[in-house]
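Descriptive analysis of the structure
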Amino acid sequence: MSRLSILALVGMWSLWGQPATAQASIPPAPTDSVRLTLPEAEQRFFQNNLAVLAQQYNVTVAQAQAVQARLIDNPTLYVEQDVLRRRIARPTVPEGTVGSEAIVTVQQLFSLAGRRKAAGQAAQQGAVVEQYNLQDLLRNLRYQLRTTYYDIFFKQQTLKAYASEIASLTRTVGLYQTQFEKGNIALKEVIRLRAFLFTLQSERQNILNDVAADQTDLHVLLRDATGSQFVPIVDVTRTRDLSLTGYSEQQLVDTALVRRTDLNARRATLQQQNLNLRLQQKLATPDLAVGYTYDKAGSYIENYNALTLGIAVPIFNRNQGNIQVAKAQIASSKILVDQQQLVVQSEVHQAYQLAARNDELYQSIDRDTAPFARLMVGIEQSYAKRILSVVEYIDFFESYKNNLVQLNTLRANRVRAFEQLNFAVGKPVFRAEQ
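Residues numbered from 1 in each chain as written. Predicted model: local features only at pLDDT ≥ 70, side-chain atom pairs only at ≥ 80, totals over all residues. Heavy atoms only, no water.

1. A short note on the side chain of Gln-125
In this structure, Gln-125 sits in helix 6 (residues 115–181). What makes Gln-125 buried here is its relative accessible area of 14%. Residue contacts for Gln-125: discarding those within four places in its chain leaves Ala-268, Gln-271, Gln-272 and Leu-275. (Helix = DSSP H or I, 4+ residues; strand = E, 2+ residues; numbered from the N terminus. Buried < 20%, exposed > 50% of the residue type's maximum accessible area, 1.4 Å probe, protein only. Contact = heavy atoms within 4.5 Å.)

Below, the structure written as structure tokens:
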């Protein structure tokens, strides 16, 4: 009795007296299932994911800001017209003067020291940073998509094992319930079988809950509102062929230092800060305002034409504060780049070791479950002939179930470890799909 949980016993007693088939009924598989390959899932993800689409707009915004930074300032037009009668405003009018006074001024601002070009380069580098942020978002979401996809597949394989075991045990419970009613076997034997069946059903329901959560995540990633159940299509042979052979840890670290988008985003930010310092230094040089003024009947001559020049004298404000800010930002960005390089190296190391351990364990165990299946047929026959006790029968049954569950768990952990290594490297080096 110590092998059975009190919860299982309570559950079985609450079901006592119902037909065995009703107690062990299995919810039917959803009819609205959709078979989905991983390449199809990735294609739908790239086209439909809302987070990716939103980040793409950030890239568009940064590119538009770069265009805006390069634009030349618009010229300024100033017009002044006398609206009062001249004889009221100016009683004495010079001889030969005709009409009222009018002034027209046109002025254009010119950026000196290449400030507009520097502003455009800094803004364009900001667009590069956003591009890397988009790629890093894709890297993170793609990792979530692939791991969720494989998790669903292997959990569904485990559910198939549970369905087979529950169906087999349900038949046995039904037979022994009949024998108990005839007085051929003891009540405690039927209770043990019912309790174990209830345990299997509870474990199966927990896995179903996990699959439902994974299905929700997959629907969000693919922006699918149909509510259908995805059925991943995986070539188990290709997952079995995943191997670290031919790839050293240092080789993958070197690849990651080049390909990791989060690291490249930090580097691009450092370059942006360098360009910003250059811009701030150029802002210390004031702009030059060049203009032309025409004044009719407002000066000592009838038609007055003049060229205007204006420039701020950089005596007090030479943009010193912004230059110091830019230098501090550069120093901070350099530290962040170094830190991110350490993070990348550490993540690749950890992911490589994890993949190696999972692969070593997977290669060292016997993955052939056929002998267990044949053994269980003999176990059921032996139990039916009363050669085995109910405790021995349940022990064998539970061992067989645990073997299948642990094998699928190991397969899932191994594939996830390789996906985590791909994620750490920043490149799909190990792939199990076509």
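Still to come is the rest of the account.
2. Details of the packing of aromatic side chains
In the structure shown here, the tally under the stated rule is 7 aromatic pairs. Look at Phe-196 and Phe-397: their rings are 5.8 Å apart centre to centre, the planes differ by 80°, and that puts the pair in the edge-to-face class. Placement of the pair is Phe-196 in helix 7 (residues 187–222) and Phe-397 in helix 13 (residues 390–425), with a sequence separation of 201 residues. Of the two residues, Phe-196 and Phe-397, both sit in the buried class. Arranged with centres 5.1 Å apart and planes meeting at 70°, the rings of Tyr-247 and Phe-430 form a pair that is edge-to-face. With Tyr-247 in the loop between helix 8 (236–240) and helix 9 (249–259) and Phe-430 in the segment after helix 13, this pair connects stretches of sequence that are 183 residues apart. Judged by its relative accessible area of 30%, Tyr-247 is partly exposed. Judged by its relative accessible area of 5%, Phe-430 is buried. Among the aromatic residues, ring-to-ring pairing joins Tyr-247, Phe-418 and Phe-430 into one connected group. Looking at Arg-139, its charged tip hangs above the ring of Phe-423, at a distance of 4.1 Å from the centre. (Phe/Tyr/Trp six-rings, centres within 6.5 Å; stacked < 30°, edge-to-face > 60°. Lys NZ or Arg CZ within 6 Å of the ring centre and 35° of its normal.)

3. Overview of the layout of surface pockets
The calculated volume of the second largest pocket comes to roughly 290 Å³. Arg-139, Arg-142, Gly-426, Lys-427 and Pro-428 are the residues nearest the centre of the second largest pocket, which is lined by 14 residues in total. Listed by contribution, the elements that provide at least two residues to the lining of the second largest pocket are helix 6 and helix 13. Looking at the lining of the second largest pocket element by element, the count peaks at 6 residues for helix 6. (1 Å grid on protein atoms, 1.4 Å probe; cavity = no way out; pocket = protein on both sides within 12 Å on 5 of 7 lines; lining within 4 Å. Points joined across faces, edges and corners; volume = space filled by probe spheres on them.)

4. Re the packing of helix 11 (residues 320–364) against helix 13
Contact geometry for helix 11 and helix 13: axes closest at 8 Å, N-to-C directions at 155°. Considering the angle they form, helix 11 stands roughly antiparallel to helix 13. As for the relative orientation of helix 11 and helix 13, their crossing is left-handed in sense. Counting all contacts with helix 11, which are made through Glu-347, Val-348, Ala-351, Tyr-352, Leu-354, Ala-355, Asn-358, Asp-359, Leu-361, Tyr-362 and Gln-363, the residues of helix 13 involved are Leu-410, Arg-411, Asn-413, Arg-414, Ala-417, Phe-418, Gln-420, Leu-421, Ala-424 and Val-425. A breakdown of the residues in the contact of helix 11 with helix 13 according to their chemical character gives 13 nonpolar, 4 polar and 4 charged. (Axes fitted to C-alpha atoms, helices over the stretch in contact; angles between N-to-C directions. Parallel < 35°, antiparallel > 145°, perpendicular 65-115°, else oblique. Left-handed = near helix turned anticlockwise from the far one by under 90°. Nonpolar A, V, L, I, M, F, W, Y, C, P; charged D, E, K, R; others polar.)

5. So, the nonpolar core
By size, the foremost hydrophobic cluster in this structure holds 33 residues, and its most contacted members are Tyr-150, Leu-244, Leu-252, Val-348, Leu-421 and Phe-430. Secondary structure elements with two or more residues in this core: helix 6, helix 9, helix 10 (261–283), helix 11 and helix 13. Considering each element in turn, this core owes the most residues, 9 residues, to helix 11. Apart from residues lying up to four places away in sequence, Leu-252 is in contact with Tyr-247, Val-348, Tyr-352, Leu-421, Val-425, Val-429 and Phe-430. In this structure, Ile-185, Leu-193, Val-211 and Tyr-383 belong to the second largest nonpolar core, which totals 22 residues. (Core = buried A, V, L, I, M, F, W, Y, C linked by side-chain atoms within 4.5 Å.)

6. Observations regarding unusual backbone geometry
Positive phi is not limited to glycine here, since Arg-223 has a value of about 50°. Judged by its relative accessible area of 44%, Arg-223 falls in the partly exposed class. Notably, Asn-319 is not glycine yet its phi reads approximately 60°, a positive angle. Tracing the backbone through its elements, the reader meets Asn-319 in the loop between strand 6 (303–311) and helix 11.

7. Let's talk about a nonpolar patch on the surface
Taken together, Leu-77, Val-79 and Val-106 make up a surface patch of nonpolar side chains, about 280 Å² in accessible area. The topology assignment puts Leu-77 in strand 2 (residues 76–81). (Patch = residues over 30% accessible without salt bridge, like charges linked within 9 Å, V, L, I, M, F, W, Y side chains within 5 Å. Areas by Shrake-Rupley, 256 points an atom, 1.4 Å probe, with all protein chains shown as cover. Salt bridge = Lys/Arg side-chain N within 4 Å of Asp/Glu carboxyl O.)

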